[in-house]
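# Commentary on secondary and tertiary structure
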Amino acid sequence: SGLNSGTPFSGVGSNLGACIAGLTPTAEQPCVNVDKKNDEGGVTYKFNASWKITPDAMVYATLSTGFRPGGNNRRPGVLPFKSDTLTNYEIGAKTSFGPFTVNVAAFHQKWKDLQFGLVPLGQNGVTNTYNAGNAKINGAEGDISFRNGGFSLALAGTYIDAQLTTDFCQVDPVTKNIVCVPGVAPAAARGTRLPIQPKFKGNATARYEFPLGSNDAFVQASVQHQGGTRTFLTDDDFAAVGPTRAFTAVDFSIGANLGLFEAFIQNAFDKRGALSLNTACATTFCGPYARTYPIKPQFFGLKFSRDF
């Protein structure tokens, strides 16, 4: 059993400080009504300007904002978390010429009061949401495609540099709230790379379509590559599991419109790429290891469909 929100519960070890004191651990223990609320307001907007230089070339600039609502934490003593807001500045171009299509964009984003979920020591698995400070995100993305007869090639990639611009201070061991103490290292210092998002991610697909008797057929190959990531924002959790490593996966498919038949194999070389790691059992229960969230393993099959 564990800490519930607004509902009675029972069981040995279930009284985690949120329920009325003095009752035995096995008795029904109604939770205290902490009567918390979070009330916020704001405005979001988007401005876009574009210029069609030629019928096949357009450039644009965008300024936009967004937010996620704040809220209350399950622990009565943990302070509410505020909305986080994002301001995005973007410029780009969309073009085509001959057999080529090219789209590119560059962006700068300011992320204020970013929300971050954390399970402090002694929380019995209950996640608190904190405002971890501010961050900036600089990036560029683009795609290019080429088509000539039955052959087509498509390439796409994204580069992102995302980091904190303020310190994310430590969680107080008693109150479980964020406290900045002079001389005490923050949980994540200014300049720390944001977790999960790789700096580079890209893919390429080549496809050839050809006649097969009176029918159409195709062969296709795809490659996906992703760089390594910082697994956690806070230094302690990151030190427990380390980063994920870069990986590349390859897919193949072949098919024909003989009743819309297709044979495919995904992750053909069974690459065990890790998307992220989890500290759930590291390092106390499983030494230096951690739970891994992998990409789909090698997977192959046949598809057949028919229109009636």
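Below, the structure is looked at part by part. (Residues numbered from 1 in each chain as written. Predicted model: local features only at pLDDT ≥ 70, side-chain atom pairs only at ≥ 80, totals over all residues. Heavy atoms only, no water.)

Here eight bridges tie strand β1 (residues 46–54) to strand β2 (residues 57–68), and the two strands are oriented antiparallel to one another. Across the sheet, the residue bridging to Asn48 is Thr62, located in β2. Hairpin geometry of β1 and β2 is characterised by an intervening segment of two residues between the two adjacent antiparallel strands. In the sheet, β2 pairs with strand β3 (residues 84–97) via twelve bridges, with the strands oriented antiparallel. Looking at β3, one finds that Ala57 is bridged to Thr95. (Pairing = 2+ DSSP bridges. Helix = DSSP H or I, 4+ residues; strand = E, 2+ residues; numbered from the N terminus.)

What follows deals with the state of the cysteines. Scanning the model with the defined rule gives one disulfide in all. Here Cys169 connects covalently by a disulfide to Cys180, the sulfurs 1.9 Å from one another. Between Cys169 and Cys180, the S-S dihedral sits near 95°, and the bridge is therefore right-handed. Within this pair, whereas Cys169 is found in the loop between β8 (151–164) and β9 (170–171), its partner Cys180 is found in the loop between β10 (178–179) and β11 (200–212), the two being separated by eleven residues in sequence. Given the relative accessible area of 54%, Cys180 is considered exposed. (Disulfide = S-S within 2.5 Å. Buried < 20%, exposed > 50% of the residue type's maximum accessible area, 1.4 Å probe, protein only.)

Take the pattern of salt bridges next. Under the definition given, this model contains six salt bridges. Notably, a salt bridge pairs Lys82 with Asp113, separated by 3.6 Å at the nearest N-O pair. One end of the pair, Lys82, is in the loop between β2 and β3; the other, Asp113, is in the loop between β4 (100–112) and β5 (115–118), with 31 residues separating them in the sequence. Three or more residues are tied together by salt bridges with common partners; here these are Arg147, Arg207 and Glu209. (Salt bridge = Lys/Arg side-chain N within 4 Å of Asp/Glu carboxyl O.)

With antiparallel pairing, the eleven strands of this open sheet are ordered in space as β1-β2-β3-β4-β7-β8-β11-β12-β13-β14-β17. In this open sheet, the two edge strands, each paired with only one partner strand, are β1 and β17 (299–304). Sheet twist, expressed as the mean angle between neighbouring strand axes with direction ignored, is 10°. (Axes fitted to C-alpha atoms, helices over the stretch in contact; angles between N-to-C directions.)

Next up on the list: the environment of Asn215. The topology assignment puts Asn215 in strand β12 (residues 215–226). Asn215 gets classed as partly exposed once you look at its relative accessible area, which sits at 21%. Placed 43 residues apart in sequence, Asn215 and Leu258 show a C-alpha to C-alpha distance of 6.9 Å. The residues contacting Asn215, other than those within four sequence positions of it, are Phe210, Asn257 and Leu258. (Contact = heavy atoms within 4.5 Å.)

Moving on, we come to the environment of Thr234. Relative to the helices and strands, Thr234 is located in the loop between β12 and α1 (235–241). Distance in space between the C-alpha atoms of Thr234 and Phe168 is 8.2 Å, their sequence separation being 66 residues. Excluding anything up to four places from it in sequence, Thr234 contacts Phe116, Leu118, Phe168, Ala187 and Ala188.

In this structure, Leu114, Phe116, Ala132, Leu164, Phe168, Leu194 and Leu233 are the most contacted members of the largest nonpolar core, which totals 17 residues. If sequence neighbours within four positions are ignored, Leu233 has contacts with Phe116, Ala132, Leu164, Phe168, Ala187, Ala188, Thr192, Arg193, Leu194 and Pro195. (Core = buried A, V, L, I, M, F, W, Y, C linked by side-chain atoms within 4.5 Å.)

This part takes up the packing of aromatic side chains. Within this structure, the stated rule accounts for eight aromatic pairs. Measuring from centroid to centroid gives 6.3 Å for Phe252 and Phe269, while their planes differ by 90°, and the two rings are edge-to-face. Of this pair, Phe252 sits in strand β13 (residues 247–256) while Phe269 sits in the loop between β14 (261–266) and β15 (274–278); the two residues are 17 residues apart in sequence, bridging distant segments of the chain. Ring plane angle 40° and centroid distance 5.7 Å describe the contact between Phe264 and Phe299, whose orientation is recorded as tilted. Residue Phe264 is located in strand β14, and its partner Phe299 is located in strand β17; the two are separated by 35 residues in the primary sequence. A residue is classified by how much of its surface remains accessible, and Phe264, at 13% relative accessible area, is buried. Through a chain of ring-to-ring contacts, three or more aromatic side chains come together here, namely Phe97, Phe100, Phe146 and Phe151. The ring of Phe299 carries Lys296 above its face, with NZ or CZ at 5.2 Å from the centroid. One cation-aromatic arrangement involves Lys303 over Phe264; the distance from NZ or CZ to the ring centre is 5.2 Å. (Phe/Tyr/Trp six-rings, centres within 6.5 Å; stacked < 30°, edge-to-face > 60°. Lys NZ or Arg CZ within 6 Å of the ring centre and 35° of its normal.)

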